[in-house]
Amino acid sequence: MIYQPEIETMPINKLRKLQSERLIEQVKYLYERVPFYRMRLDEAGITPADIRSINDVSKLPFTYKTDLRDNYPFGLFAVPQSEISRIHGSSGTTGKPTVVGYTKSDIDIFSEVVARSLVAAGCRPGMIMQNAYGYGLFTGGLGLHYGAERLGMSVVPVSGGMTERQIMLMQDFGSDALCCTPSYALTIAEELSRRDIDPQSLKLKLAILGAEPWTDSVRDDVERGLGVTATNIYGLSEIIGPGVSQEDHEEKGTGSYIWEDHFYPEIVDRKTGEPLAEGEEGVLVFTTLTKKAMPVLRYWTNDITSLYYDKSGKRTHIKMGQILGRSDDMLIIRGVNLFHTQVEAVLEGFIDLSSNYQLIVKNEGKMDEVEVKVEIGNELWRQLAITSLDNEVVQNHDRLSLIHRALQKKIKDNIGLTMNIQLLNPGAIPRSEGGKLNRIVDVRKK
Ligand code: DLL
């Protein structure tokens with residue numbers, strides 16, 4: 001079993017000592033082997049000798065995604081190509097991918113942290129894991145695959161898409177756990193409901209969801225629709241892939257443990273880069289402590305969240321909150337910062353609405369405007385017994401107009417923006433086919 005209490009519950013002072021030793025090694029290693037880092041440290045007036053403990057991490061310069069692009073494809077590798085055993089890339093849709101490499105020992109660590117994450121998610125050796133993350137350059141498929149094998153699970157490497165087949169395999173193989181993006185889990189749940197398959201008739205118990213931001217509103221729908229306990233898995237290829245952090249299945253909603261013995265996290269101010277205190281919201285930054293092929297110092301993830309220690313948690317490692325979004329995906333609407341997850345969070349509690357939604361950003365008048373398109377739930381749709389839905393129908397229907405007004409008010413109260421709301425029939429919004437789903441459609445004229 002991969003639950004590692006000696007590491008996962010290590011007293012903080014011991015953990016700091018381990019991190020310090022590893023950081024000192026990692027900085028020295030990079031300085032000697034990667035010209036880019038030697039140059040960056042020289043520019044910052046820092047030598048490896050200045051790094052004496054983990055507290056010195058904030059002296060180091062940040063590494064940005066553009067640095068990876070500028071050194072495309074292998075410029076940041078710290079080992080000769082012959083020692084690279086695998087290459088992955090970011091899931092970027094435009095241009096060249098962000099390339100990352102792994103030695104055999106990196107793959108070992110990758111498998112270990114994913115196995116550790118799966119245990120926290122409730123997985124156990126012998127269980128069947130249906131892996132619906134994409135296989136390929138994306139780290140989700142192979143990352144979860146190796147981790148599950150390491151744990152001793154039986155892996156079904158089905159990859160994303162072909163929802164009917166996913167359900168057939170779930171039924172025939174008796175899959176215990178499903179790994180995929182939260183939006184794809186919704187697609188599968190919906191297909192079950194469309195085909196009148198009772199989730200309780202499946203053996204499925206666990207869903208390990210990540211690769212895109214999601215909130216408790218989606219969790220509720222996935223848990224109900226698939227009959228599972230759904231937990232968050234987070235990660236990014238630049239750091240290793242999935243398994244940088246994971247939510248415990250018995251501590252749901254309290255954040256995800258970051259495996260601090262391998263990845264040192266910080267939260268910094270989005271504008272100034274200054275380190276922020278525990279609990280404050282800012283950009284998540286990681287320093288790898290044990291990687292060999294492509295270690296990174298203070299990698300600026302662009303993901304917005306906060307960090308905190310949970311004294312009542314099972315482990316000592318720090319937790320991160322849900323990712324609000326990426327700072328480059330943040331909308332600024334009439335001076336208000338907006339992440340789509342804020343709207344998603346408001347949907348929680350509207351039991352008549354589904355968590356299938358989309359934000360349309362326009363500027364037809366002088367000002368930017370956001371329209372929230374959201375589908376009503378199947379249950380209400382059945383009760384309504386109508387065939388189409390438009391604004392006129394909504395305004396003339398007591399229950400629908402009440403929901404419409406209540407949603408608009410709650411968005412205004414919680415987020416501070418008045419948004420146009422469009423209630424839609426189930427199925428009106430594009431579904432995830434397995435990959436990352438874009439919730440924002442920006443049609444602003446520049
Ligand atoms: O998405 C790795 C992964 C695969 C994570 C499978 C979890 C499960 P990239 O393609 O490099 O790697 O994208 C990384 O995705 O910086 C976040 O913006 C976002 N992301 C990943 N996991 C989560 C999550 C994989 N649980 C980028 N919640 C990250 C919110 C997430 N955002």
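Let me begin by describing the structure that accompanies this report. Just so it is clear, the model here is predicted, and its values are computed rather than measured.

With that out of the way, let us pick up the packing of aromatic side chains. Across all of its chains, the model carries 8 aromatic pairs by this definition. Each ring, one from Phe36 and one from Tyr37, has its centre 5.0 Å from the other, and the planes form 80 degrees; the classification is edge-to-face. Taken individually, Phe36 and Tyr37 each receive the classification buried, so the pair is uniform in this respect. For the ring pair Phe62 and Trp300, a centre distance of 5.1 Å and an interplane angle of 85 degrees mean the geometry is edge-to-face. With Phe62 in the loop between α3 (35-43) and α4 (65-70) and Trp300 in strand β12 (residues 299-305), this residue pair connects regions lying 238 residues apart in the sequence. By the burial criterion, Phe62 is buried, and Trp300 matches it. Each member of the aromatic cluster is reached from another via a ring pair, and the members are Phe62, Tyr64 and Trp300. Taking the ring centre of Tyr102 as reference, the NZ or CZ of Lys291 above it sits at 5.9 Å. The ring of Tyr29 is capped by Lys292, whose NZ or CZ atom sits 5.0 Å from the centre of that ring.

Okay, the side chain of Ser245 next. Among the secondary structure elements, Ser245 is positioned in strand β8 (residues 241-247). Given the relative accessible area of 0%, Ser245 is considered buried. Ignoring anything within four residues of it in the chain, the contact list for Ser245 reads Asn232, Ile233, Tyr234, Ser256, Tyr257, Ile258 and Met320.

Below, the discussion takes up unusual backbone geometry. Of the consecutive residues Tyr72 and Pro73, the connecting peptide bond is found in the cis state with omega at -10 degrees. Even without glycine at this site, Ser159 takes up a positive phi of about 70 degrees. With respect to the helices and strands, Ser159 occurs in the loop between β4 (154-156) and α7 (163-174). A positive phi angle, close to 45 degrees, is found at Arg334, a residue other than glycine. Within the secondary structure, Arg334 sits in the loop between β16 (331-333) and β17 (336-338). The exposure class assigned to Arg334 is partly exposed, which follows from its relative accessible area of 35%.

The rules behind these values
Residues numbered from 1 in each chain as written. Predicted model: local features only at pLDDT ≥ 70, side-chain atom pairs only at ≥ 80, totals over all residues. Heavy atoms only, no water. Phe/Tyr/Trp six-rings, centres within 6.5 Å; stacked < 30°, edge-to-face > 60°. Buried < 20%, exposed > 50% of the residue type's maximum accessible area, 1.4 Å probe, protein only. Helix = DSSP H or I, 4+ residues; strand = E, 2+ residues; numbered from the N terminus. Lys NZ or Arg CZ within 6 Å of the ring centre and 35° of its normal. Contact = heavy atoms within 4.5 Å.

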